[in-house]
Amino acid sequence: MPSPGSQAAELGIPPGAQVVRVGGRPLSKQLTERLVKRIGKAKQRGMTSLTLGLAMPRVTASCASRPFPFSTVLDVGRGVFIIKETDGSAADQIKAGMVLTSIGGIEVVGLTEADLSKVLQGTELPVEFGLQSLPCGNQADLAEPELSGSEG
């Protein structure tokens, strides 16, 4: 979990995210030590930026009734549904800006809005939603022309 004021927090890396690549090269064992070593080497070489590959945390949330406590928007360019708004009832689990990855065990990444609607309508209650966080910085990239609205 990023500490307040840390570089990770300033970069918008969500709690639970793990660095798995540095400069395009995978990290394996002793992640923290290797990460510090690679960043140190990059600084010694005078590099002013370094690309990190992140494994973002996944969470699940359950819902026992309709309407579901969120609405989504399709990011056409990425093929994912982003949580647009929540009603607050599942605020500890479902947050605006998260990616909806599954509904009742059915993967929804890459589906169209019509397909998502069919999955939502055909899902028996209670249902479990799979969600994944995005780095905060990426959400600003979700420009309006790329998006298409969908109600959850």
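The structure presented is a predicted model; accordingly, all values stated were derived computationally and were not measured. (Residues numbered from 1 in each chain as written. Predicted model: local features only at pLDDT ≥ 70, side-chain atom pairs only at ≥ 80, totals over all residues. Heavy atoms only, no water.)

A. Expanded view of the overall build of the chain. Regarding its fold elements, the chain presents four helices and 10 strands. For the chain, the N- to C-terminal ordering of α and β elements is α-β-β-α-β-β-β-β-β-β-α-β-α-β. When each of the 152 residues of the chain is scored for burial, the buried share is 35%. Just so you have it, the chain exposes about 9,300 Å², and 52% of that area is on carbon and sulfur atoms. (Helix = DSSP H or I, 4+ residues; strand = E, 2+ residues; numbered from the N terminus. Buried < 20%, exposed > 50% of the residue type's maximum accessible area, 1.4 Å probe, protein only. Areas by Shrake-Rupley, 256 points an atom, 1.4 Å probe, with all protein chains shown as cover.)

B. Structural detail: the sheet that holds strand β3 (residues 52-55). Pairing is antiparallel across the open sheet formed by three strands, whose spatial order is β2-β1-β3. The open sheet terminates on both sides in strands that have one partner only, identified here as β2 (25-26) and β3. (Pairing = 2+ DSSP bridges.)

C. Main features of unusual backbone geometry. The omega torsion of the bond from R66 to P67 falls at -5 degrees, within 30 degrees of zero and hence cis. In this structure, P67 sits in the loop between β4 (58-63) and β5 (70-75). Backbone torsion omega between L125 and P126 reads -5 degrees, so that peptide bond is classified as cis. Relative to the assigned elements, P126 resides in the loop between α3 (113-122) and β9 (127-132).

D. View of the side chain of S102. Along the chain, S102 turns up in strand β7 (residues 99-103). What makes S102 buried here is its relative accessible area of 16%.

E. Summary view of the environment of I13. The topology assignment puts I13 in the loop between α1 (7-10) and β1 (18-22). By relative accessible area, which is 16% here, I13 ends up buried. Spatially, the C-alpha atom of I13 lies 9.3 Å from that of S133, the residues being 120 residues apart in sequence.

F. Region of interest: the pattern of salt bridges. Scanning the entire structure with this criterion turns up one salt bridge. D75 is the salt-bridge partner of R78, the closest N and O atoms lying 3.7 Å from each other. (Salt bridge = Lys/Arg side-chain N within 4 Å of Asp/Glu carboxyl O.)

G. Expanded view of α3. Of the positions making up α3, those classed as buried are L116, V119 and L120. Here the buried residues of α3 occupy an arc of 95 degrees about the axis, which is enough to place them on one side. For α3, exposure combined with an orientation more than 90 degrees from the buried face picks out K118, Q121 and G122. (Arc of directions from axis to C-beta.)

H. The arrangement of the environment of S102 in detail. Distance in space between the C-alpha atoms of S102 and F129 is 5.6 Å, their sequence separation being 27 residues. Leave out the neighbours within four places in its chain, and S102 touches E107, V108, E128, F129 and G130. (Contact = heavy atoms within 4.5 Å.)

I. Quick peek at the packing of aromatic side chains. Under the criterion given, the structure shown has two aromatic pairs. Centre to centre, the rings of F68 and F129 are 5.1 Å apart; their planes meet at 80 degrees, and the pair counts as edge-to-face. Residue F68 is located in the loop between β4 and β5, and its partner F129 is located in strand β9; the two are separated by 61 residues in the primary sequence. Both residues of the pair, F68 and F129, count as buried. Look at F70 and F129: their rings are 5.0 Å apart centre to centre, the planes differ by 85 degrees, and that puts the pair in the edge-to-face class. A residue pair is termed long-range when its members are at least 10 positions apart, and F70 in strand β5 and F129 in strand β9 qualify at 59 residues. Owing to a relative accessible area of 5%, F70 belongs among the buried residues under this scheme. What links up through ring pairs into an aromatic cluster is the set F68, F70 and F129. (Phe/Tyr/Trp six-rings, centres within 6.5 Å; stacked < 30°, edge-to-face > 60°.)

Geometric values such as these leave the question of function open.
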